[in-house]
Amino acid sequence: MTKILIVEDDAAIAAIERDYLIINGFEVDIAEDGRTGLNRGRTGAYDLILLDLMLPEMDGFELLRKIRTMENGKDIPVIFLTADNDTETETRCFKEGAIDFIVKPFVPAVMQSRIGRALELEELRRGLADKLEKKTREVSDIRSKSYQDVLTGLWNRAYTENAVNEMIS
């Protein structure tokens with residue numbers, strides 16, 4: 001089940017978001033401020049974070065920067081939810097690393113579409129990252145095999161030339 005963290009200080013808005021997402025089959029946790037959101041981000045494995053921009057103690061930008069420094073938070077898609085519909089704010093959200101931006105009051109169907117799109121893109125990114133890692137291992141294996149004689153298993157001339165060139169440089 002897809003797990004979403006909502007970081008929202010307005011309890012009424014958080015409840016609306018939570019109820020809509022639960023109805024649509026998501027598992028949802030709520031954090032009412034940046035500190036709680038950061039702690040939940042450290043302990044939970046979330047597929048997506050809906051992040052309010054204006055939070056007590058630390059704003060959404062600061063929270064996002066802190067989340068990105070965590071090992072399990074580097075690639076989590078983040079969608080900002082804010083009443084601030086200023087173009088500069090929206091641009092900053094994207095520069096800070098958000099995958100999308102939703103203006104409050106939000107239209108539930110639009111929010112659902114944007115969340116769906118963000119999760120689709122993350123699934124594709126993970127699939128490509130896995131394929132890249134597999135291909136990198138394959139190339140590494142081929143490279144190491146190309147340096148050994150098939151019959152004896154000893155290092156061959158190509159390996160020796162490469163090793164000597166590395167030592168010289």
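Note that this is a predicted model, so its numbers are computed, not measured.

Visitor: Would you take a moment to explain the overall build of the protein chain for this structure?
Guide: Counting its secondary structure elements, the protein chain contains six helices and five strands. In sequence order, the protein chain lays out its α and β elements as β-α-β-α-β-α-β-α-β-α-α. Expected size for 169 residues packed as a compact globule is a radius of gyration near 15 Å; at 23 Å, the protein chain overshoots this value by more than 25%. With respect to the principal axes defined by its C-alpha atoms, the protein chain has extents near 70 × 35 × 30 Å.

Visitor: Before we go on, may I ask you to explain the sheet that holds strand 2 (residues 27-31) in this structure?
Guide: Think of a sheet as strands paired side by side through backbone hydrogen bonds, with each pair either parallel or antiparallel. On the basis of which strands lie adjacent, the open sheet formed by five strands has the order 2-1-3-4-5 and parallel pairing. With partners counted over all chains shown, the strands left at the sheet margins are strand 2 and strand 5 (100-103), one partner each. With direction set aside, neighbouring strand axes in the sheet form an average angle of 20°. In the sheet, strand 3 (residues 48-52) pairs with strand 4 (residues 78-82) via four bridges, with the strands oriented parallel. Looking at the pairing, Leu-51 lines up with Phe-80 of strand 4. Seen against the sheet, helix 5 (residues 108-146) touches strand 1 (3-7), strand 3, strand 4 and strand 5 and runs at an angle of roughly 135° to strand 3.

Visitor: Is there a simple way to think about the side chain of Glu-122 in this case?
Guide: Tracing the backbone shows Glu-122 in helix 5. Here Arg-125 takes part through its side chain, which lies 2.7 Å from a polar atom of the side chain of Glu-122. When residues no more than four places from it in sequence are discounted, the contact partners of Glu-122 are Asp-75 and Pro-77.

Visitor: Would you take a moment to explain the nonpolar core for this structure?
Guide: One broad trend across soluble globular proteins is that nonpolar side chains are buried collectively. Among the nonpolar cores identified, the biggest contains 21 residues, and Val-7, Ile-49, Leu-51, Leu-63 and Phe-80 are the most heavily contacted of them. Dropping the residues within four chain positions of it, Leu-51 is found in contact with Val-7, Gly-60, Leu-63, Leu-64, Val-78, Ile-79, Phe-80 and Leu-81. Grouped together as the second largest cluster of nonpolar side chains are 15 residues, Leu-21, Leu-81, Phe-106 and Ile-115 included.

About the criteria used
- Residues numbered from 1 in each chain as written.
- Predicted model: local features only at pLDDT ≥ 70, side-chain atom pairs only at ≥ 80, totals over all residues.
- Heavy atoms only, no water.
- Helix = DSSP H or I, 4+ residues; strand = E, 2+ residues; numbered from the N terminus.
- Rg over C-alpha atoms; globule rule 2.2 N^0.38 Å.
- Pairing = 2+ DSSP bridges.
- Axes fitted to C-alpha atoms, helices over the stretch in contact; angles between N-to-C directions.
- Contact = heavy atoms within 4.5 Å.
- Polar contact = N/O pair within 3.5 Å; in protein donor to acceptor, adjacent residues only side chain to side chain.
- Core = buried A, V, L, I, M, F, W, Y, C linked by side-chain atoms within 4.5 Å.
- Buried < 20%, exposed > 50% of the residue type's maximum accessible area, 1.4 Å probe, protein only.

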